[in-house]
Protein chains: 2
Amino acid sequence: MRNIKLVIEYDGSGFNGWQKQPNKLNIQGEIEAVIENITKEKIELIASGRTDAGVHAIGQVANFKTNSNIPIEKIPIAINSQVKNSIRIKSAEEVDERFHSRYNCKRKTYRYIIDNSKYGSSIFRNMTYHMPIKLNINEMQKAVKYFEGEHDFKAFKSSGTSSKSSIRTIYEAKVIEKNEYIILELTGNGFLYNMVRIIAGTLVDVGLEKLKAKDIPVILEKKDRQKAGKTLPPQGLFLVKVEYK
Amino acid sequence: MRNIKLVIEYDGSGFNGWQKQPNKLNIQGEIEAVIENITKEKIELIASGRTDAGVHAIGQVANFKTNSNIPIEKIPIAINSQVKNSIRIKSAEEVDERFHSRYNCKRKTYRYIIDNSKYGSSIFRNMTYHMPIKLNINEMQKAVKYFEGEHDFKAFKSSGTSSKSSIRTIYEAKVIEKNEYIILELTGNGFLYNMVRIIAGTLVDVGLEKLKAKDIPVILEKKDRQKAGKTLPPQGLFLVKVEYK
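Residues numbered from 1 in each chain as written. Chains lettered and ligands numbered in written order. Predicted model: local features only at pLDDT ≥ 70, side-chain atom pairs only at ≥ 80, totals over all residues. Heavy atoms only, no water.

**Some remarks on the interface of chain A and chain B**
Each partner contributes residues to the interface: chain A has 25 residues there, and chain B has 25 residues. Summed over both sides, the interface of chain A with chain B buries roughly 1,900 Å², with 58% coming from carbon and sulfur. Joining chain A to chain B, the criterion identifies 2 salt bridges. Linking chain A to chain B there are 10 residue pairs in polar contact (both at pLDDT 80 or more). Counting residues per element, the ones that place at least two in the side of chain A that touches chain B are strand E1 (2–10), strand E3 (56–66), helix H2 (74–82) and strand E4 (87–95) of chain A. Residue contributions to the side of chain A that touches chain B peak at 4 residues, all from E4 of chain A. Looking at the side of chain A that touches chain B residue by residue, the class counts come to 12 nonpolar, 7 polar and 6 charged. (Contact = heavy atoms within 4.5 Å. Buried area = accessible area lost by both parts, 1.4 Å probe. Salt bridge = Lys/Arg side-chain N within 4 Å of Asp/Glu carboxyl O. Polar contact = N/O pair within 3.5 Å; in protein donor to acceptor, adjacent residues only side chain to side chain. Helix = DSSP H or I, 4+ residues; strand = E, 2+ residues; numbered from the N terminus. Nonpolar A, V, L, I, M, F, W, Y, C, P; charged D, E, K, R; others polar.)

**Some points on the pairing of strand E8 (residues 167–178) of chain A**
Residue and element names in this part refer to chain A. With 4 bridges joining them, strand E7 (residues 149–152) and E8 adopt antiparallel strand pairing. Counterpart to glutamate 150 in the pairing with E8 is threonine 169. When E8 meets strand E9 (residues 181–188), the two strands line up antiparallel, connected through 8 bridges. Bridged to lysine 178 within E9 is tyrosine 181. What sits between E8 and E9 in their antiparallel hairpin is a turn of 2 residues, with asparagine 179 showing a positive phi close to 55 degrees. (Pairing = 2+ DSSP bridges.)

**What about the relation of the copies chain A and chain B?**
Superposing chain A onto chain B takes a rotation of 180 degrees plus a shift of 0.0 Å along the axis, which leaves an RMSD of 0.0 Å. Look at the turn and shift together and you get a two-fold axis relating the two. If distances are taken from each C-alpha of chain A to the rotation axis, the shortest is found for phenylalanine 124 of chain A, at 4.8 Å. Comparing contact sets, 100% of the residues at the interface of chain A also lie at the interface in chain B, consistent with an isologous, same-surface contact. (Least-squares fit on C-alpha atoms with pLDDT ≥ 70 in both.)

**As for the layout of surface pockets**
In this structure, the largest pocket spans a volume of roughly 1,700 Å³. Contributing to the lining of the largest pocket are 43 residues, with Phe124 and Lys178 of chain A together with Phe124, Lys178 and Tyr181 of chain B lying nearest its centre. Those elements giving two or more residues to the lining of the largest pocket turn out to be strand E5 (107–115), E8, E9 and strand E10 (237–243) of chain A together with strand E5 (105–115), strand E8 (167–178), strand E9 (181–188) and strand E10 (237–244) of chain B. A per-class count over the lining of the largest pocket returns 20 nonpolar, 8 polar and 15 charged. (1 Å grid on protein atoms, 1.4 Å probe; cavity = no way out; pocket = protein on both sides within 12 Å on 5 of 7 lines; lining within 4 Å. Points joined across faces, edges and corners; volume = space filled by probe spheres on them.)

**Observations concerning helix H4 (residues 195–207) of chain B**
Residue and element names in this part refer to chain B. Taking 1.5 Å as the rise per residue, H4 with 13 residues should run 18 Å; its terminal C-alpha atoms sit 18 Å apart, in good agreement. The buried fraction of H4 is high, at 13 of 13 residues. Where H4 ends, the next residue or the one after it, glutamate 209, has phi of about 65 degrees, a positive value. (Expected span 1.5 Å × (residues − 1). Buried < 20%, exposed > 50% of the residue type's maximum accessible area, 1.4 Å probe, protein only.)

**Some remarks on empty space enclosed by the protein**
If a probe as big as a water molecule is rolled over the atoms, it shows which places are left empty. Counted under the stated rule, the structure contains 3 cavities of 30 Å³ or more. In this structure, the largest cavity occupies an estimated 60 Å³ of space. Lining the largest cavity are Ile35, Ile38, Thr39, Phe64, Thr66, Ile70, Ile75, Ala78 and Ile79 of chain A. Among the elements of the structure, helix H1 (27–39), E3 and H2 of chain A are those that each provide at least two residues to the lining of the largest cavity. Partitioning the lining of the largest cavity into residue classes produces 7 nonpolar, 2 polar and no charged. In this model, the second largest cavity occupies a volume close to 50 Å³. Where the lining of the second largest cavity is concerned, the elements lending two or more residues are helix H1 (27–39), strand E3 (56–66) and helix H2 (74–82) of chain B.

**Here's the deal with the domain arrangement of chain A**
All names here are of chain A. The assigned domain composition of chain A is domain 1 (2–95) and domain 2 (107–243). Each of domain 1 and domain 2 was reduced to a C-alpha centroid, and the two centroids are 27 Å apart. Of the residues lining the interface, 14 residues belong to domain 1; the matching set on domain 2 comes to 15 residues. Both faces considered, domain 1 and domain 2 share a buried interface measuring about 1,100 Å² in area, 56% of it formed by carbon and sulfur atoms. It is Asp52, His56 and Ile58 that lose the most area in domain 1 upon contact with domain 2, and together they represent 43% of the buried surface on that side. The tally of links from domain 1 across to domain 2 stands at 1 salt bridge. Among the ionic pairs, aspartate 52 bridges to arginine 197, the shortest N-O distance being 3.6 Å. Summed over the shared surface of domain 1 and domain 2, the result is 8 residue pairs in polar contact (both at pLDDT 80 or more). Class assignment of the residues belonging to the side of domain 1 that touches domain 2 gives a composition of 5 nonpolar, 8 polar and 1 charged. (Domains from an automatic or database assignment.)

If you want it as structure tokens, here you go:
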């Protein structure tokens, strides 16, 4: 059987997240239905991980198995011509039959975008979180560095997750200023439920000077969700890249 | 009476354009209703010009007259708190009573964004025009320069406009490449109906090598709408800036 790996971009605004669920618009279900229509087979599309309602992706990765002999270069065109245009297949590649989008994932990069302008942007309102109070970016940039390395991120996860361990490694963590936007970018070997949105919320507290940069290692140490900031809303979050060996 | 000048940003996607019309969602009507609710007066909001359905604005300018004594710095906050968040008032300023957003306008800048990637962007689909065939940007950059200066733009306007003369001056015309996007930016003393979208369509024909850069002065000269390119769709168009003396 052929194993096809897709790189997928989507505007999560109108969806109830990646995962298939009855009677709710979801990304997985939309793409699966189109692939099934093309291949005339029942298929299962396995993503690197689900994304929540309202969360966007620039480079989500998912794979499916098929007996169809459709040429690989025709796959993005065929899917894109039938799927909603809030979803785009960026590329398709034939991979080893053992390749699994979730299990084999080595690194993920997420981005969280804060609109720090006074009144917020109308045009980017579904792609940013609006924080009208001017944030101390310098202090946020100091704070974000404490997330790099291997840590127990227990204080930075929402309950309701099934992962056994809350230890993760962040390879790179940065806060970038671009016009009136503040962009958080995190690359790690994996992320707990709501982890990026809670880190973003904690960094906003640092920017508001409710917390200091040097409080971050203390919060990590204490492993207490109550000490971290709130979970910021989904629309500012983008899954940027998923990497494999 | 006080005369208040507003700078307005909007995502035109959900609207039937700027202009007030019964039973159709429009930007003017939405803002007027909010201002009337705030001031308890009947007001008229005069813009620098209307924008069509689907067209966006970063810096539309409009003014209204009022007897209300609401402090000027409270006006954006008051309107933004009640208007849809696809519309944002960026600033408000008290101006001379003779100021008129349309009649006094000296320069306008428009931007048209072409997404030249293979499959298009899902995230920016309502803010770009997708052209999957790779365009010759170099030739487009040569072509765009021919629009600078004073010309009769008769070949670059749609019918149905009431303007008497089709002579306009373009102060600056450029085509910029940014990642997979091609951005057309035009600053002029005024624009005819659909003029930017027709210039953009003509430049796409140049990019596709259906036309050469040096055909532009010929088309301007011939004043024949049929010789110019098609009118590109509204969602790629942004009214960026409106300038006064």
